[in-house]
Amino acid sequence: MDWETLQKECLACRRCQLCETRHNVVFGVGNRQAEVVFIGEGPGEQEDLKGEPFVGRAGKLLDDMLELIDLDRTKIYIANMVKCRPPQNRDPLNTEQDACAQWLSAQLELIKPKIIVCLGRIAAMRFIKPDFKITREHGQWFDRGGVKVMALYHPAALLRDPRRRPETFVDLKTIQSAMREDCTHTY
Ligand code: SF4
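Before going into details, it helps to say that this report is about the structure given with it. (Residues numbered from 1 in each chain as written. Predicted model: local features only at pLDDT ≥ 70, side-chain atom pairs only at ≥ 80, totals over all residues.)

**Re the site of the ligand**
Neighbouring residues of the ligand: 15 residues in total, closest C13, C16, C19, C84 and C100. It is helix α4 (residues 94–111) that contributes the most residues to the shell around the ligand, 4 residues altogether. Here the residues of the shell around the ligand are counted per class, giving 11 nonpolar, no polar and 4 charged. (Near = placed C-beta within 6 Å. Helix = DSSP H or I, 4+ residues; strand = E, 2+ residues; numbered from the N terminus. Nonpolar A, V, L, I, M, F, W, Y, C, P; charged D, E, K, R; others polar.)

In structure tokens form, the structure reads like this:
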């Protein structure tokens with residue numbers, strides 16, 4: 001499937017109950033030739049209203065985190081596991097994650113990233129392993145089908161608990177080293 005068809009079909013999706021309460025499908029943004037993809041769990045209120053992932057305070061913090069390792073939204077792709085906002089920002093249900101997985105899978109097939117960074121526990125449980133423990137395993141690399149996958153604390157969690165920020169800085173630097181080793185673009 002090409003990007004245009006994928007986006008058109010995704011924006012019209014009604015495969016799960018989240019379509020009933022969404023304002024916008026949050027498809028994803030960034031560079032479609034990116035070698036690094038960041039994945040969050042699902043849109044929050046601001047994302048739902050704007051149709052873009054990671055806006056508002058958490059989005060600003062993510063931009064600051066990217067800047068620390070010479071990245072910005074033009075160099076990476078950012079998407080969520082579920083494309084429509086779960087009400088009251090609850091965790092997406094497994095049934096919703098399963099229903100939505102085809103869209104992100106298709107995006108990743110088109111992008112073919114070398115590195116995937118999960119933002120937060122929920123994305124890590126899906127992309128790394130079901131019993132992923134963010135406090136113990138953030139910053140560690142896992143190989144998933146030849147792709148390097150790591151999880152960071154979610155920016156919203158870092159806003160709630162700034163004491164986690166030094167650890168996240170170390171994790172970001174680990175990502176930067178891997179980009180320099182594995183990616184062909186200049187970072
Ligand atoms: S969350 Fe995903 S599967 Fe559910 S309606 Fe939105 S796009 Fe479709």
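**As for the sheet that holds strand β3 (residues 77–80)**
The strand order across the open sheet formed by 6 strands is β1-β3-β2-β4-β6-β5, and the pairing between neighbours is mixed. Each edge of the open sheet is held by one strand with a lone partner, namely β1 (29–30) and β5 (142–144). Two elements, strand β4 (residues 115–119) and strand β6 (residues 147–152), share 5 bridges in a ladder whose sense is parallel. Residue pairing in the sheet places C118 in a bridge with A151 of β6. Helix-sheet contacts for helix α8 (residues 165–182) involve β2 (36–40), β4 and β6, and the interaxial angle to β6 is about 165 degrees. (Pairing = 2+ DSSP bridges. Contact = placed C-beta atoms within 7 Å. Axes fitted to C-alpha atoms, helices over the stretch in contact; angles between N-to-C directions.)

**Quick notes on the environment of K133**
Residue position: K133 is located in the loop between α5 (121–127) and α6 (134–137). K133 gets classed as exposed once you count the C-beta atoms within 10 Å, which come to 12. When the C-alpha atoms of K133 and I69 are compared, they prove to be 25 Å apart, with 64 residues separating the residues in sequence. (Buried ≥ 20, exposed ≤ 12 C-beta atoms within 10 Å, placed from the backbone.)

**Considering the pairing of β4**
Extensive coverage of β4 is indicated by the burial of 5 of its 5 residues. Residues of β4 alternate between two faces, with I115, V117 and L119 on one and I116 and C118 on the opposite face, all of them buried.

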